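Below are the chains, spelled out letter by letter.
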Amino acid sequence: MSEITASVVHNVGGKEVIFRELSVADIRRLMSKELSTDPLGDALFDQIRLSDLPDFTSLTLDQVEALLPSQIKQVIKQCEAQNPDFFAMLARLHSRVATL
């Protein structure tokens, strides 16, 4: 993870979680990750793979797995708030794929 450009702290499930704004280099690295072998983690939420949440937050993957889906939605919402350009890019990419 490169230097944090912007971060905020929010409470999720009784735990303080740091939410990071990713740099362009972080986004490139995230987008070049190998495909996972976790269909549930990849498809449970439209916006993001569960395995990517530690890149956006101070949560470990084990901590993500212990959260309730409603708590993960809170995490995703804050990740989107910290990284609106990244999520807008994903929406554009999904839109283009859908029209193929």
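The structure this text deals with has already been given above.
Predicted model only: the values in this text are computed from it and were never measured.

Participant: Looking at this model, I keep getting lost on the overall build of the protein. Mind explaining?
Facilitator: In terms of regular secondary structure, the protein is built from six helices and two strands. Each helix (α) and strand (β) of the protein, taken in turn from the N terminus, gives the series β-β-α-α-α-α-α-α. In terms of overall size, the protein behaves like a compact globule, its C-alpha atoms giving a radius of gyration of 13 Å where 100 residues would be expected to give roughly 13 Å. In terms of its C-alpha atoms, the protein occupies a principal-axis envelope of roughly 45 × 30 × 20 Å. Across the 100 residues of the protein, 33% fall into the buried class. Taking as baseline every contact in the protein between residues at least 6 positions apart, the subset at least 24 positions apart corresponds to 54%.

Participant: What am I meant to see in the pattern of salt bridges here?
Facilitator: One side chain can pair with another of opposite charge once the charged atoms of both are near each other. By the definition in use, this model includes four salt bridges. Close ionic contact of lysine 33 with aspartate 52 constitutes a salt bridge, the shortest N to O distance being 3.2 Å. Of this pair, lysine 33 sits in the loop between helix H1 (24-31) and helix H2 (39-43) while aspartate 52 sits in the loop between H2 and helix H3 (53-56), placing them 19 residues apart in sequence. Residues lysine 33 and aspartate 55 are paired through a salt bridge, measuring 2.8 Å at the closest nitrogen-oxygen approach. Taken together, the residues span a long stretch of sequence, with lysine 33 in the loop between H1 and H2 and aspartate 55 in helix H3 at a distance of 22 residues. Residue class for aspartate 55 comes out buried when judged on its relative accessible area of 12%. One connected set of salt bridges, linked through shared partners, spans Arg29, Lys33, Arg49, Asp52 and Asp55.

Participant: What exactly am I supposed to notice about the packing of aromatic side chains here?
Facilitator: For any two aromatic rings, the description comes down to two numbers: the centre-to-centre distance and the angle of the planes. On inspection of all chains with the given rule, the structure shows three aromatic pairs. For the ring pair phenylalanine 56 and phenylalanine 86, a centre distance of 5.5 Å and an interplane angle of 50° mean the geometry is tilted. Here phenylalanine 56 is found in helix H3, whereas its partner phenylalanine 86 is found in helix H6 (residues 84-98), with 30 residues between them in sequence. The exposure classification of phenylalanine 56 matches that of phenylalanine 86, with both residues buried. Ring geometry for phenylalanine 56 versus phenylalanine 87: centroids 5.7 Å apart, planes at 40°, classification tilted. Here phenylalanine 87 lies in helix H6 and phenylalanine 56 lies in helix H3, a separation of 31 residues in the sequence. A relative accessible area of 0% places phenylalanine 56 in the buried class. Exposure remark for phenylalanine 87: the relative accessible area of 10% places this residue in the buried category. Site record: aromatic cluster; members linked through ring pairs are Phe56, Phe86 and Phe87.

Cut-offs used in this document
Residues numbered from 1 in each chain as written. Predicted model: local features only at pLDDT ≥ 70, side-chain atom pairs only at ≥ 80, totals over all residues. Heavy atoms only, no water. Helix = DSSP H or I, 4+ residues; strand = E, 2+ residues; numbered from the N terminus. Rg over C-alpha atoms; globule rule 2.2 N^0.38 Å. Buried < 20%, exposed > 50% of the residue type's maximum accessible area, 1.4 Å probe, protein only. Contact = heavy atoms within 4.5 Å. Salt bridge = Lys/Arg side-chain N within 4 Å of Asp/Glu carboxyl O. Phe/Tyr/Trp six-rings, centres within 6.5 Å; stacked < 30°, edge-to-face > 60°.

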